[in-house]
Amino acid sequence: MSQPVTRRDFTFGLAAGAAIAGAGSISVSAAYADDVSVPTPPPLPQPVSKTICFVGGYTKHAPPGGAGNGQGISVFEMERDTGTLTPITTFTDIASPSFITLSKDHRFLYALSEIDDFNKDGDGSVTAFAVDQKTGSLRKLNVVSSGGAVPAHLSVHHSGRYVLVANYMGGCVAVLPIHADGSLGEATDVVHNTGPRQPERAADNPQGNFAVSDHSGSHPHMIHSDPSGRYVLADDAGLDRVYVWTLNLQTGKLVPAKTPYYDMEPGCAPRHFQFNHSGRILYNLCEQNSKIVVSNFDPDTGAINNIQTVSTVTSHFRGSTLAAEILISASGKFVYASNRLGDSLAVFAIGSDGTLTLQDEVWMHADYGRAMMFDPSGTFLFCANQRSDAVTSFKVNKSDGQLAFTSNFTPVGSPTTFAFMNTEV
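Because the structure is a prediction, the values reported are computed rather than measured.

**Re the overall build of the chain**
- Each helix and strand counted, the chain has 2 helices and 28 strands in total.
- The C-alpha radius of gyration of the chain comes to 30 Å, more than 25% above the 22 Å expected for a compact globule of 425 residues.
- Evaluated residue by residue, the chain yields a buried proportion of 54% over its 425 residues.
- Restricting the contact set of the chain to residue pairs at least 6 apart, pairs at least 24 apart contribute 51%.
- Accessible area for the chain stands at about 18,800 Å²; split by element, carbon and sulfur atoms hold 54% of it.
- Counting 28 positive and 39 negative side-chain charges, the chain places the centres of these two groups 3 Å from one another.

**Considering the packing of aromatic side chains**
- Applying the stated criterion across every chain, the model contains 13 aromatic pairs.
- Ring plane angle 85 degrees and centroid distance 4.8 Å describe the contact between Phe 91 and Phe 129, whose orientation is recorded as edge-to-face. With a gap of 38 residues between them, Phe 91 in strand S3 (residues 85–91) and Phe 129 in strand S6 (residues 125–131) connect regions that are remote in the sequence.
- Given a relative accessible area of 0%, Phe 129 falls into the buried group.
- Judged by centre distance (6.4 Å) and plane angle (50 degrees), the rings of Phe 380 and Phe 382 are tilted.
- Ring pairs connect the aromatic residues Tyr 231, Phe 273, Phe 275 and Phe 297, which therefore count as one cluster.
- Arg 387 extends its terminal NZ or CZ atom over the ring of Tyr 368, reaching a point 3.8 Å from the ring centre.

**What about the pairing of strand S10 (residues 172–177)?**
- With respect to burial, S10 is a largely interior element, 6 of its 6 residues being buried.
- The alternating pattern of S10 places Cys 172, Ala 174 and Leu 176 and Val 173, Val 175 and Pro 177 on opposite faces, both of which are buried.
- Hairpin connection from strand S9 (residues 162–167) to S10: 4 residues lie between these consecutive antiparallel strands, with Gly 171 at a positive phi of about 65 degrees.
- The pairing of S10 with strand S11 (residues 189–192) spans 4 bridges and is antiparallel. Counterpart to Ala 174 in the pairing with S11 is Val 190.

**Let's talk about the pattern of salt bridges**
- Per the stated rule, a full pass over the model turns up 7 salt bridges.
- Close ionic contact of Arg 271 with Glu 287 constitutes a salt bridge, the shortest N to O distance being 2.6 Å. One end of the pair, Arg 271, is in strand S16 (residues 270–275); the other, Glu 287, is in the loop between strand S17 (281–286) and strand S18 (291–297), and 16 residues separate them in sequence.
- We classify Arg 271 as buried; its relative accessible area is 4%.
- Here Glu 287 falls in the buried class, since its relative accessible area comes to 8%.
- Between Arg 340 and Glu 287 there is a salt bridge; the shortest N-O distance is 2.9 Å. Of this pair, Arg 340 sits in strand S21 (residues 334–340) while Glu 287 sits in the loop between S17 and S18, placing them 53 residues apart in sequence.
- Here the salt bridges do not stand alone but share partners, grouping Arg 271, Glu 287 and Arg 340 into one network.

**A word on the environment of Ala 337**
- Within the secondary structure, Ala 337 is located in strand S21.
- A residue is classified by how much of its surface remains accessible, and Ala 337, at 0% relative accessible area, is buried.
- Sequence-wise, Ala 337 and Trp 245 are 92 residues apart; in three dimensions their C-alpha atoms are separated by 26 Å.
- Aside from chain neighbours lying at most four places away, what touches Ala 337 is Leu 285, Ile 292, Thr 312, Glu 325, Ile 326, Ser 344, Leu 345, Ala 346, Phe 348 and Met 372.

**Concerning the sheet that holds S10**
- Here 4 strands make up an open sheet; going across it, the order is S8-S9-S10-S11 and the pairing antiparallel. The open sheet has two edge strands, strand S8 (151–156) and S11, and neither has a second partner. The sheet shows a mean angle of 15 degrees between the axes of neighbouring strands, taken without regard to direction.
- Across 5 bridges, the pairing between S8 and S9 is antiparallel. By the bridge assignment for S9, Ser 155 is matched with Leu 164.

**Let's talk about the environment of Phe 297**
- Residue placement: Phe 297 occurs in strand S18.
- For the pair Phe 297 and Ser 278, spaced 19 residues apart in sequence, the C-alpha separation works out to 9.9 Å.
- Beyond its immediate sequence surroundings of up to four residues, Phe 297 is in contact with Asp 226, Tyr 231, Leu 233, Phe 275, Gly 279, Arg 280, Leu 282, Gly 302, Ala 303 and Ile 304.

**A short note on the nonpolar core**
- Core analysis: the biggest nonpolar cluster contains 17 residues, and Leu 233, Val 244, Leu 282, Phe 297 and Ile 304 have the highest contact counts within it.
- If you list the elements that add at least two residues to this core, you get strand S13 (231–236), strand S14 (241–248), strand S15 (253–263), S16, S17 and S18.
- Setting aside anything within four residues of it in sequence, one finds Leu 233 in contact with Met 222, Ile 223, His 224, Val 242, Tyr 243, Val 244, Phe 273, Phe 275, Leu 282, Phe 297 and Ile 304.

**Considerations on the side chain of His 219**
- Considering the arrangement of structural elements, one finds His 219 in the loop between S11 and strand S12 (220–225).
- Look at His 219 and you get buried, because its relative accessible area is 3%.
- Engagement of the side chain of His 219 in a polar contact is seen with the side chain of Ser 216, the distance being 3.3 Å.
- Residues within four places of His 219 in sequence aside, it is in contact with Tyr 168, Met 169, Asp 214, Asp 235, Asp 236, Ala 237 and Gly 238.

About the cut-offs
- Residues numbered from 1 in each chain as written.
- Predicted model: local features only at pLDDT ≥ 70, side-chain atom pairs only at ≥ 80, totals over all residues.
- Heavy atoms only, no water.
- Helix = DSSP H or I, 4+ residues; strand = E, 2+ residues; numbered from the N terminus.
- Rg over C-alpha atoms; globule rule 2.2 N^0.38 Å.
- Buried < 20%, exposed > 50% of the residue type's maximum accessible area, 1.4 Å probe, protein only.
- Contact = heavy atoms within 4.5 Å.
- Areas by Shrake-Rupley, 256 points an atom, 1.4 Å probe, with all protein chains shown as cover.
- Lys, Arg positive; Asp, Glu negative; His and termini not counted.
- Charge placed at Lys NZ, Arg CZ, Asp CG, Glu CD.
- Phe/Tyr/Trp six-rings, centres within 6.5 Å; stacked < 30°, edge-to-face > 60°.
- Lys NZ or Arg CZ within 6 Å of the ring centre and 35° of its normal.
- Pairing = 2+ DSSP bridges.
- Salt bridge = Lys/Arg side-chain N within 4 Å of Asp/Glu carboxyl O.
- Axes fitted to C-alpha atoms, helices over the stretch in contact; angles between N-to-C directions.
- Core = buried A, V, L, I, M, F, W, Y, C linked by side-chain atoms within 4.5 Å.
- Polar contact = N/O pair within 3.5 Å; in protein donor to acceptor, adjacent residues only side chain to side chain.

So, in structure tokens, the structure goes:
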């Protein structure tokens, strides 16, 4: 049986053959040419998550008062270095989705339709969507009544078991149960607010403000649970009140708190609110007089005690304005508010006691800015400018809260609302 040729035998044979042929010597490196290292190929690019931005607004099927230019819910990918929004698709099978929100796990998106003809009762509607976690695409699950006419706001309760809806023209708030598959059931509770007629304007209006808020009756503008989930609060811009309930998670019924509501400045039109991270300070934005009311909030009793009122416009401002949205930074150090008509963004520093100091007032670079939203990293602040049909954005200085305009304009018809999510890898 023949013996296998070893590397040593093969090398020796090459050297011997070269010597006999008089071809000169062969280098060791040549003899071991098969041992020469090959450069390691670069690693294949790894999949990364994307930042998806959903934008809603008014469509041709708008609430009483005129049609909008939007097409439905527009879906964008956000470039994380610049904040640029690149369009992906638009979900058009929905009427005037003027407010949208995601579930805590981002598996579902809920959008109200700010209309008054969903059914024979003249209600608006709420649509449930399943969200593709890799692409951000939407799949409609179902549509139900909002429980009243022309809904203006909705939120997912802290428990994740209910969607809460504020029906602006219906003068009521509603509780919608969330099924296991993310779809919605019919309202388990609808609460109508009543109270005395309030003035169209507040006494502490900015000088020269001719804008008015509708005080013809109850107009709930926002409903949301406190951070603990124990209480549910609603701003009623028509009755100038903040309502407080607990939510029975078994029955889906709202139960008035020990103090069921708190009166605000007559005519001020409380619109939207935010809690600080501890859940003990409440920042309530009043639309008509462009003020933020800062209050201590007791998470054990639901009690609200006001400690400060501060303007969202600087002392030199003159003219008509209506405050629209309020946000708190992820750091908990800054509060931001948007002013429609005045077309500005107010930047406040939060003191150790929760009170606010106005630091800056920044031009929106567009008209009638309503909703604002941070991207998930808190690097950019986006503003939906309804009358300019555009979204503008600002780079956020996280150390001092200041805003720098990015010069990015994203065309969207009549935008009014945002939601952001990071996709799965």
